[in-house]
Amino acid sequence: MYPRSFADADGDGVGDLNGFRSRLPYLRDLGVDAVWFSPWYRSPMADGGYDVADHCDIDPTLGTLADAEALIREAHAAGIKVIIDVVPNHASTEHPWFREALAAGPGSPERELFYFRPGRGEHGEIAPNTWVSPFAGTTWTRVPDGEWYLHLFDSSQPDFNWRHPKVIEYFDDVLRFWFDRGVDGIRIDSAPLVDKDPALPEVADVQEHPYSDRDDAHVVYRRWRRVAEEYGGDRALIGEVWLYDPVRFANYLRPDEMHGAFNFEFLCSEWGADRLRKVIDETLAAHAEVGAAASWVLNNHDVTRIVSRFGRAETGFSVATRRHDTPVDVELGTRRARAAIMLALALPGAVYLYQGEELGLGEVEDIPFELRTDPMFHRSNRVDPGRDGCRVPLPWSGDAPPFGFSPAGAAQPWLPQPPAWKAYTVQAQAGDPDSMLEFYRRMLRLRAATPGLGDGPLAWLDAPPPVLAFTRGDGFACVVNLGTEPVPLPVYRELILASSPLTGGLLPVDATVWLRLGQ
Ligand code: TEU
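An unreviewed UniProt entry annotates the protein as Glycoside hydrolase family 13 protein originating from Dactylosporangium aurantiacum. Under the UniProt heading Sequence similarities (unreviewed entry), the entry covering the protein gives this text: "Belongs to the glycosyl hydrolase 13 family."

Written out as structure tokens, the structure is:
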């Protein structure tokens with residue numbers, strides 16, 4: 001969940017921890033096991049909190065440390081674990097260490113906690129190298145005394161020097177600070193980026209990866225694993241490991257490192273049987289190799305919502321290049337979203353949902369430019385529409401904005417909600433058996449009640465190429481039709497659930513079904 005957009009208790013138009021606490025019964029009824037919070041720390045919010053100024057306090061717009069402690073207690077009482085986001089790669093320019101480094105000047109020990117370098121050129125006016133940020137533009141900013149500092153992301157996010165013992169020890173303490181308060185797990189932001197080649201060479205060949213997936217990144221997470229284990233075996237490390245090589249990805253899941261990592265291959269897959277089967281096979285093989293559980297992700301706070309991705313006529317899309325230029329077929333996108341989540345929930349491993357996915361929300365693509373906040377939008381000179389469109393405050397109830405997100409009389413939500421969300425509120429969907437919300441509730445209940453779905457192995461069934469079909473033990477089978485014609489089903493004893501109604505005994509296109517096989 002994205003704390004600023006979940007629920008607003010104090011009426012400032014921005015979500016907060018007390019808003020979240022008031023919605024715990026909703027999450028319990030939905031059937032989730034754990035909640036991952038995007039960063040909740042004190043922050044100038046230049047990148048929605050991924051610019052951390054104080055790792056051991058809550059941002060005042062979100063609440064207080066006492067609110068967080070109460071939240072953890074109440075979540076546990078509701079049977080829900082709490083995972084928080086830790087951002088090791090960078091801080092905020094408002095972090096005291098960065099302010100001290102600025103004040104202390106070139107050559108000072110304070111500057112060694114970050115990557116300060118002189119520039120190139122006669123007057124040092126050229127950045128130390130030409131690395132390009134995933135947020136577009138240079139990764140360097142010059143300070144008044146003439147030195148430059150490295151920021152792989154926005155200029156408000158200076159990179160820590162992970163070769164400095166003070167940085168390493170500081171993060172040990174940050175982990176302990178939150179584990180001591182009962183946090184069950186850590187989501188590790190941009191995990192492969194922490195170690196850099198100290199020469200900061202030009203990127204002649206991406207295989208040299210001078211700042212991503214270097215061997216010493218693993219040293220950091222092995223150390224974090226040992227910190228987690230000081231608390232017994234039940235604290236988890238979950239990595240944001242955005243790498244496309246499944247073997248290098250799985251290296252982060254070796255038995256002495258992280259417990260899990262988000263499967264971006266699956267998230268980025270196009271809607272097609274060959275492609276999905278390849279991703280599933282590669283994922284399971286790579287995880288089996290290291291003995292870790294796989295994960296399946298369809299949405300998060302960084303990517304275009306699935307209804308809009310799959311609702312565009314073309315099947316191929318790239319998550320990296322957001323497209324807002326062609327119309328979305330909402331009916332098509334919704335149908336495929338329903339089929340895709342039933343597939344994900346039938347696969348072995350953990351499934352991560354992103355808030356609003358269970359309501360069938362689409363990307364909000366018409367946010368006025370002057371209201372957009374994402375540095376990706378601004379740094380790309382408005383070429384990339386940015387990630388605000390998947391971060392619009394949730395619609396809970398009522399006929400008009402703020403749709404119960406904020407109390408009556410509150411300020412406008414920090415991003416505008418589309419009036420059409422009237423049909424997507426929790427209130428509008430609850431109790432309607434055809435709604436996306438009730439569909440998610442039903443799936444999660446069935447999944448919890450079907451032990452083979454959690455732990456059993458996957459075995460593919462023979463099926464014609466546009467169909468994916470597999471069993472998970474106990475006669476449970478999942479069949480997905482990714483073709484263009486309705487298809488017959490294997491002989492079954494029970495139809496457990498279908499993402500779209502069967503037509504004449506056939507599985508329609510863009511649909512998934514769960515079956516109990518047998519006569
Ligand atoms: O994302 C890291 C990351 O890899 C993103 O830049 C990603 O490439 C992009 O968002 C895809 O659209 C993490 C967080 O999830 C993101 O919200 C932060 O902005 C980023 O780190 C910096 O902390």
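**Q** Please explain the overall build of the protein as it appears in this structure.
**A** In terms of helices and strands, the protein carries 15 helices and 17 strands. Its C-alpha radius of gyration of 23 Å places the protein within 12% of the 24 Å reference for a compact globule of 519 residues. Over its C-alpha atoms, taken along the principal directions, the protein stretches across nearly 75 × 55 × 50 Å. Of all intrachain contacts in the protein linking residues separated by at least 6 positions in sequence, the fraction that spans at least 24 positions is 60%.

**Q** Sorry if this is basic, but what is going on with the confidence of the model for the protein here?
**A** Atom-level detail of predicted coordinates should not be read off regions where pLDDT is low. Across the protein, the average pLDDT comes to 95, with 97% of residues at 70 or higher. Reported for the predicted complex are a pTM of 0.97 and an ipTM of 0.96.

**Q** Sorry, what's going on with the domain arrangement of the protein here?
**A** Note on interface size: it is often stated as the accessible area lost on association of the parts. Considered domain by domain, the protein is made up of domain 1 (1–79), domain 2 (96–150) and domain 3 (457–517). The straight-line distance from the C-alpha centre of domain 1 to that of domain 3 is 39 Å.

**Q** Any chance you could explain the site of the ligand here in plain terms?
**A** Residues in close proximity to the ligand include Asp 47, Tyr 50, Val 87, Pro 134, Phe 153, Asp 189, Ser 190, Glu 240, Trp 242, His 301, Asp 302 and Val 303, which together make up its full environment. Of the residues in the shell around the ligand, the class split is six nonpolar, two polar and four charged.

**Q** Mind showing me how you'd approach the environment of Ser 499 here?
**A** As for its position among the elements, Ser 499 is in the loop between strand S16 (492–498) and strand S17 (511–517). Once the C-alpha coordinates of Ser 499 and Arg 338 are considered, the two residues, 161 residues apart in sequence, prove to be 5.6 Å apart.

**Q** Help me understand the sheet that holds strand S7 (residues 148–150) in this model?
**A** Think of a sheet as strands paired side by side through backbone hydrogen bonds, with each pair either parallel or antiparallel. Here we have three strands laid out as an open sheet, ordered S5-S7-S6, and antiparallel in their pairing. The open sheet is flanked by strand S5 (116–117) and strand S6 (140–142), the only strands paired with a single partner. Here S6 pairs with S7 via three bridges, running antiparallel. Bridged to Arg 142 within S7 is Trp 148.

**Q** Looking at this model, I keep getting lost on helix H11 (residues 330–346). Mind explaining?
**A** Structural remark: α-helix, 3.6 residues per turn; residues separated by three or four positions point the same way. With 17 residues, H11 should cover 24 Å at 1.5 Å per step; its first-to-last C-alpha distance of 24 Å lies within 8% of that length. Of all 17 residues in H11, 14 are buried, a share of seventy percent or more.

**Q** For this particular structure, what's the right way to read the packing of H11 against helix H14 (residues 436–449)?
**A** Geometrically, a packed helix pair is captured by the angle between its two axes and the distance between the axes. Axis separation between H11 and H14 bottoms out at 11 Å; the angle between their running directions is 15 degrees. Taken together, the axis directions place H11 and H14 in an arrangement best described as roughly parallel. Where H11 crosses over H14, the two elements pack in a sense that is right-handed. Together, Arg 338, Ile 341, Met 342 and Leu 345 of H11 and Phe 439, Met 443 and Arg 447 of H14 make up the contact between the two elements. Each residue belonging to the contact of H11 with H14 can be placed in one class, and the counts come to five nonpolar, no polar and two charged.

**Q** Which parts of the structure should I look at to understand the sheet that holds strand S15 (residues 476–481)?
**A** Ordered by their spatial adjacency, five strands build an open sheet running S13-S14-S15-S17-S16, and the pairing between neighbours is antiparallel. Each edge of the open sheet is held by one strand with a lone partner, namely strand S13 (459–460) and S16. In this structure, S16 lies alongside S17, joined through five bridges in antiparallel fashion. Paired with Leu 497 across the two strands is Trp 514, which belongs to S17. Contacts between H11 and the sheet are confined to S15 and S17, with S17 contributing the most and set at about 40 degrees to the helix.

**Q** In this structure, what is going on with the pairing of strand S8 (residues 185–188)? I would like to understand it.
**A** Each regular strand carries side chains that alternate between the two faces of the sheet. Side chains of S8 alternate between two faces, with Gly 185 and Arg 187 and Ile 186 and Ile 188 buried alike. In this structure, strand S4 (residues 81–86) lies alongside S8, joined through four bridges in parallel fashion. By the bridge assignment for S8, Ile 84 is matched with Ile 186.

**Q** Which parts of the structure should I look at to understand unusual backbone geometry?
**A** Peptide bonds are trans in most cases, and residues, glycine excluded, mostly fall at negative phi. Cis geometry marks the peptide bond from Pro 401 to Pro 402; its omega dihedral reads 5 degrees. Looking at where Pro 402 falls in the secondary structure, it is placed in the loop between helix H12 (375–379) and helix H13 (426–429). Although it is not a glycine, Asp 213 adopts a positive phi angle of roughly 55 degrees. Of note, Asp 213 is situated in the loop between S8 and helix H6 (215–229).

**Q** Help me out: how do you make sense of the nonpolar core in this one?
**A** Burial of nonpolar side chains together is a common tendency in soluble globular proteins. One finds Leu 343 and Ala 344 to be the most contacted residues of the largest nonpolar core, which totals 131 residues. Counting residues per element, this core draws most heavily on H11, at nine residues. Dropping the residues within four chain positions of it, Ala 344 is found in contact with Trp 296, Leu 298 and Val 351. Counting residues in hydrophobic clusters, the runner-up holds five residues, among them Val 14, Val 392, Trp 414 and Leu 415.

**Q** How do you make sense of the environment of Gly 107 when you look at a structure like this?
**A** Mapped onto the elements, Gly 107 comes out in the loop between helix H4 (96–104) and S5. Residue classification places Gly 107 among the exposed positions, given that 10 C-beta atoms sit within 10 Å. Separated by 40 residues in sequence, Gly 107 and Glu 147 place their C-alpha atoms 10.0 Å apart.

**Q** Sorry if this is basic, but what is going on with H6 here?
**A** Between its first and last C-alpha, H6 extends 22 Å over 15 residues, near the 21 Å set by a 1.5 Å rise per residue. Within the sequence span of H6, burial applies to Ala 217, His 218, Tyr 221, Trp 224 and Ala 228. One face of H6 carries all of its buried residues, which in axial projection span an arc of 120 degrees. Facing away from the buried side of H6 by over 90 degrees, the exposed positions are Asp 215, Asp 216, Arg 226 and Glu 229. Close packing links the buried residues of H6 with helix H5 (165–180) and strand S9 (236–239).

What counts and what doesn't
Residues numbered from 1 in each chain as written. Predicted model: local features only at pLDDT ≥ 70, side-chain atom pairs only at ≥ 80, totals over all residues. UniProt positions renumbered as here; feature names shortened; annotations may be inferred. Helix = DSSP H or I, 4+ residues; strand = E, 2+ residues; numbered from the N terminus. Rg over C-alpha atoms; globule rule 2.2 N^0.38 Å. Contact = placed C-beta atoms within 7 Å. pLDDT = per-residue confidence, 0-100. Domains from an automatic or database assignment. Near = placed C-beta within 6 Å. Nonpolar A, V, L, I, M, F, W, Y, C, P; charged D, E, K, R; others polar. Pairing = 2+ DSSP bridges. Expected span 1.5 Å × (residues − 1). Buried ≥ 20, exposed ≤ 12 C-beta atoms within 10 Å, placed from the backbone. Axes fitted to C-alpha atoms, helices over the stretch in contact; angles between N-to-C directions. Parallel < 35°, antiparallel > 145°, perpendicular 65-115°, else oblique. Left-handed = near helix turned anticlockwise from the far one by under 90°. Core = buried A, V, L, I, M, F, W, Y, C linked by C-beta atoms within 7 Å. Arc of directions from axis to C-beta.

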